[in-house]
Amino acid sequence: MDILKAEFVVSNSTVDKCPKPDRHEYAFIGRSNVGKSSLINMLTNNKKLAKTAAKPGKTQLINHFLINDFWYMVDLPGYGYARTSETNRRLFERMIRDYILKRENLVCLFVLIDSRHEPQQIDLEFMEWLGENGVPFVMVFTKADKLTTTQRITCIDEYHKVMLNTWESTPVAFMTSSEKRLGREELLDYIDELNKSVKL
Ligand code: GTP
Ligand code: MG
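Please read these numbers as outputs of a predicted model, since none were measured by experiment.

When helices and strands are tallied, the protein chain shows five helices and seven strands. The linear arrangement of helices and strands in the protein chain, starting from the amino end, is β-β-α-β-β-α-β-α-β-α-β-α. Its C-alpha radius of gyration of 16 Å places the protein chain within 12% of the 16 Å reference for a compact globule of 200 residues. Oriented by its inertia axes, the alpha-carbon framework of the protein chain measures out at about 40 × 40 × 35 Å. The buried share among the 200 residues of the protein chain stands at 46%. Here the analysis covers contacts within the protein chain between residues at least 6 apart in sequence; of these, 73% occur between residues at least 24 apart. Split by element, the accessible area of the protein chain, about 10600 Å² in all, is 48% carbon and sulfur.

Following this line, the structure appears as structure tokens:
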């Protein structure tokens, strides 16, 4: 799929205020600083579309972007940011949880995972929760430019191995790098297929 147009629509702090749920929607979630906003910019060929930062905790709202005048891409705040207050963290987690459970046009959630680390409890638990709530999701490994080809394979293998302890099958997984523009075609083609096959 080609990205012909990508425009910022609105930022919201609650799901109820988000745009009318009448278009296919795909949201990016994951730990703070994992590279959600950078991935959105890489996919849309626009370095300034979503705000990125070297420090965690940059994205603090639910941000809607309209792509090709047809579907929504959503940038969410990260989870598990330790250096914010307990109150703030709870607020973010509530915002994310409500959005995920209530957003009826959400076709698929992209769960971003830093490919440089071994499987982390926080990501595994988050995916467990998605499974329990029947939320469709795929795994997107980020920052693959920091890994060798062998390490990339090991990373996905390790996740599959751990997940098969609790899951019957493992989710679809993509390896990406916003820095090197890796995985772009694959992700956009995946979205294109869903846009065509999922009826709202
Ligand atoms: P929050 O909004 O704070 O939750 O973070 P985020 O997940 O949106 O991360 P963001 O896109 O702001 O990127 C965080 C940091 O990771 C920035 O310093 C990026 O430059 C860096 N980063 C993102 N993607 C990549 C990548 O593919 N490779 C490398 N090497 N660095 C990356
Ligand atoms: Mg962000």
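Next, the rest of the story.
A complete count under the given rule lists nine aromatic pairs for this structure. Ring centres of Phe137 and Trp167 lie 5.7 Å apart, and the angle between their planes is 70 degrees; this geometry places the pair in the edge-to-face category. Placement of the pair is Phe137 in strand E6 (residues 137-142) and Trp167 in the loop between helix H4 (149-163) and strand E7 (173-175), with a sequence separation of 30 residues. Classification of Phe137 as buried rests on a relative accessible area of 12%. Ring-pair connections join several aromatic residues into one group, and the members of that group are Tyr26, Phe28, Trp71 and Phe110. Sitting above the plane of the Tyr72 ring, Arg23 keeps its charged end 6.0 Å from the centroid.

Now for unusual backbone geometry. Phi at Asp69 takes a positive value of approximately 55 degrees, unusual for a residue other than glycine. For Asp69, the position within the fold is in the loop between strand E3 (62-67) and strand E4 (71-75). The backbone phi angle of Arg181 is positive, close to 60 degrees, even though this residue is not glycine. Inspection of the secondary structure assignment puts Arg181 in the loop between E7 and helix H5 (184-197). Residue classification places Arg181 among the partly exposed positions, given a relative accessible area of 43%.

In a regular helix each residue adds 1.5 Å, so 15 residues correspond to 21 Å; H4 covers 22 Å between its end C-alpha atoms and thus fits that length. Among the residues of H4, those classed as buried are Cys155, Ile156, Tyr159 and Met163. All buried residues of H4 lie within an arc of 85 degrees about the axis, which places them on one face of the element. Turned more than 90 degrees away from the buried face of H4, the exposed residues are Thr150, Ile153 and Lys161. On the buried face of H4, the contacting elements are strand E5 (106-114), helix H3 (121-132), E6 and E7.

Another aspect to go through is the coordination of the magnesium ion (ligand 2). Note on the magnesium ion (ligand 2): its protein donors are Ser37 (OG) and Thr59 (OG1). The metal-donor distances range over 2.0 to 2.2 Å. Of the two residues, Ser37 sits in helix H1 (residues 36-44) while Thr59 sits in the loop between H1 and E3, which places them 22 residues apart along the sequence. Pair check on accessibility: Ser37 and Thr59 agree, each one buried.

Basis of the calculations
- Residues numbered from 1 in each chain as written.
- Chains lettered and ligands numbered in written order.
- Predicted model: local features only at pLDDT ≥ 70, side-chain atom pairs only at ≥ 80, totals over all residues.
- Heavy atoms only, no water.
- Helix = DSSP H or I, 4+ residues; strand = E, 2+ residues; numbered from the N terminus.
- Rg over C-alpha atoms; globule rule 2.2 N^0.38 Å.
- Buried < 20%, exposed > 50% of the residue type's maximum accessible area, 1.4 Å probe, protein only.
- Contact = heavy atoms within 4.5 Å.
- Areas by Shrake-Rupley, 256 points an atom, 1.4 Å probe, with all protein chains shown as cover.
- Phe/Tyr/Trp six-rings, centres within 6.5 Å; stacked < 30°, edge-to-face > 60°.
- Lys NZ or Arg CZ within 6 Å of the ring centre and 35° of its normal.
- Expected span 1.5 Å × (residues − 1).
- Arc of directions from axis to C-beta.
- Donors = N, O, S within 2.8 Å, 3.2 Å for Na, K, Ca; no water.

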